[in-house]
Amino acid sequence: MKIIQVTDVHLGRRGEIRYGADLHGRLDRCIDDINERHADAALCVFTGDLTEAGAAESYTDLRSALGKLLVPYRLLPGNHDRRASLVAAFPEGAVDDNGFVQSVFETPEASLLFLDSLAEGRVTGELCDKRLAWLDARLAEAAGRQAYIFLHHPPVELGLPILDPLGLEQPRRFIDLLERHGNVGHVFFGHVHRDIAGTVAGIPFTAQRGLHARFMLDLAGEEVVEQAPPTYAIVLIDAAERRVVVHNCDFLERWPLYSPATGKIVTLDTRVA
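This one's a predicted model, so the numbers in the text were calculated from it and none came from an experiment. (Residues numbered from 1 in each chain as written. Predicted model: local features only at pLDDT ≥ 70, side-chain atom pairs only at ≥ 80, totals over all residues. Heavy atoms only, no water.)

Examining the sheet that holds strand E1 (residues 2-6)
Working definition: the strands of a sheet are paired by backbone hydrogen bonds and lie parallel or antiparallel to each other. Across the sheet, five strands lie side by side as E3-E2-E1-E12-E13; this open sheet has mixed pairing. The sheet is open, and its two edges are formed by strand E3 (73-76) and strand E13 (243-249), each paired on a single side. This sheet shows a mean twist of 20° between the axes of neighbouring strands, independent of strand direction. Summarising the sheet, strand E12 (residues 232-238) and E13 pair through seven bridges and their orientation is antiparallel. Directly across from Ile 234, in E13, lies its bridge partner His 247. (Pairing = 2+ DSSP bridges. Helix = DSSP H or I, 4+ residues; strand = E, 2+ residues; numbered from the N terminus. Axes fitted to C-alpha atoms, helices over the stretch in contact; angles between N-to-C directions.)

Right under this line is the structure:
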């Protein structure tokens, strides 16, 4: 099973340049690349911060852009989003009984679970009692099969002093729930604008830097933004083998291609962000 993860789109006003990048253009190029190379994917998951400020017109622009995507998609809110505006723009999107943007994508071997970690008005994330109860029920339904979880906020400290206080609040409640069920094979998130992999309580996780600017790696705590190439993730899942492979695709970054037989350049594709 192939899943595409796109995160931190941050759509604002059309024509706006933020940190040197046109994010509407980046989204269009990202969709074009997915359509060209991965139209066979089962699903494309957008893990939050779909917009910069939750403006209604930004969700309208997002809907227009996603109309060209050949792959089915699910949208999750991040701290820059507004839940009501997202649901209004995508009324066909799945929400749970309490109005949270949470849903399940079932396959014969595994369950993909999509969590709403938005805490309105805060940068940090939240999984309240109702959202955790929903997750508890879904993991119970998936007993005996692998489950894979997508959300916006990281449920684990990453060694980044600027970003760690802005992750999921009370992450231990979430991790304890996963440990109790024992069938979660991987957790995918965004929010931190970096490519990161690790484990928490023995459960693997990955973060993607996404379409916006990247936070420079500084373990001492200085906040600096760098305009690194945007990326999306290609996630290959074999639930029967409990195998997950995550490839990062720098879809705007191109280098000269050489023929091993001749040692000469065979093509030079210079795409710009």
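On we go from here.
Remarks on the packing of helix H1 (residues 23-37) against helix H2 (residues 56-66)
Packing of H1 against H2 brings their axes to within 10 Å, and their N-to-C directions diverge by 25°. Compared by their axis directions, H1 and H2 come out roughly parallel. The way H1 lies across H2 gives a crossing that is right-handed. Residues His 24, Leu 27, Asp 28 and Ile 31 of H1 pack against Asp 61, Leu 62, Ala 65 and Leu 66 of H2. For the contact of H1 with H2, a count of residues per class yields five nonpolar, one polar and two charged. (Parallel < 35°, antiparallel > 145°, perpendicular 65-115°, else oblique. Left-handed = near helix turned anticlockwise from the far one by under 90°. Contact = heavy atoms within 4.5 Å. Nonpolar A, V, L, I, M, F, W, Y, C, P; charged D, E, K, R; others polar.)

Some words on the packing of helix H4 (residues 129-141) against helix H5 (residues 171-181)
Interaxial distance between H4 and H5 falls to 10 Å at its minimum, and their mutual angle equals 15°. Judged by the inter-axis angle, H4 sits roughly parallel to H5. As H4 packs across H5, the resulting crossing turns out to be right-handed. Contacts from Asp 129, Leu 132, Leu 135, Asp 136, Leu 139 and Ala 140 in H4 reach Arg 173, Phe 174, Leu 177, Leu 178, Arg 180 and His 181 in H5. The class makeup of the residues in the contact of H4 with H5 is seven nonpolar, one polar and four charged.

Things to note about the side chain of His 191
Relative to the assigned elements, His 191 resides in the loop between strand E7 (184-189) and strand E8 (196-200). In this structure the side chain of His 191 is engaged in a polar contact, spanning 3.0 Å, whose partner is the side chain of Asn 79. The residues contacting His 191, other than those within four sequence positions of it, are Thr 7, Asp 8, Asn 79, Val 123, His 152, His 153, Pro 154 and Leu 166. (Polar contact = N/O pair within 3.5 Å; in protein donor to acceptor, adjacent residues only side chain to side chain.)

Some details on the pairing of E3
Residues in a regular strand project their side chains so that they alternate between the two faces of the sheet. Across four bridges, the pairing between strand E2 (residues 43-47) and E3 is parallel. Bridge pairing in E3 links Phe 46 to Leu 75. Viewed along the sheet, the connection from E2 through H2 into E3 turns out right-handed. (Right-handed = clockwise from strand over helix to strand, strands pointing away.)

Comments concerning the pattern of salt bridges
As enumerated under the stated definition, the model contains 23 salt bridges in all. Note that Asp 136 and Arg 180 form a salt bridge whose closest N and O atoms lie 3.9 Å from each other. Here Asp 136, found in helix H4, pairs with Arg 180, found in helix H5; they are 44 residues apart in sequence, far enough to count as distant. Its relative accessible area of 28% is what places Asp 136 among the partly exposed residues. (Salt bridge = Lys/Arg side-chain N within 4 Å of Asp/Glu carboxyl O. Buried < 20%, exposed > 50% of the residue type's maximum accessible area, 1.4 Å probe, protein only.)

Some details on unusual backbone geometry
Notably, His 10 is not glycine yet its phi reads approximately 55°, a positive angle. Counting through the fold element by element, His 10 comes out in the loop between E1 and H1. In this structure, His 191 is a non-glycine residue whose phi angle is positive, near 75°.

Examining the sheet that holds strand E4 (residues 103-106)
Taking strand neighbours across the sheet as the criterion, the six strands line up as E4-E5-E6-E7-E9-E8 in an open arrangement whose pairing is mixed. For this open sheet the edge positions go to E4 and E8, each flanked by a neighbour on one side alone. In this sheet, neighbouring strand axes are inclined to one another by 20° on average, regardless of whether the strands run parallel or antiparallel. Across four bridges, the pairing between E4 and strand E5 (residues 110-114) is antiparallel.

Some thoughts on the side chain of Ser 111
Considering the arrangement of structural elements, one finds Ser 111 in strand E5. Judged by its relative accessible area of 1%, Ser 111 falls in the buried class. A polar contact is formed between the side chain of Ser 111 and the side chain of Arg 145, at a distance of 3.3 Å. Beyond its immediate chain neighbours, meaning those up to four positions away, Ser 111 contacts Val 104, Phe 105, Glu 106, Ala 142, Arg 145, Gln 146, Ala 147 and Tyr 148.

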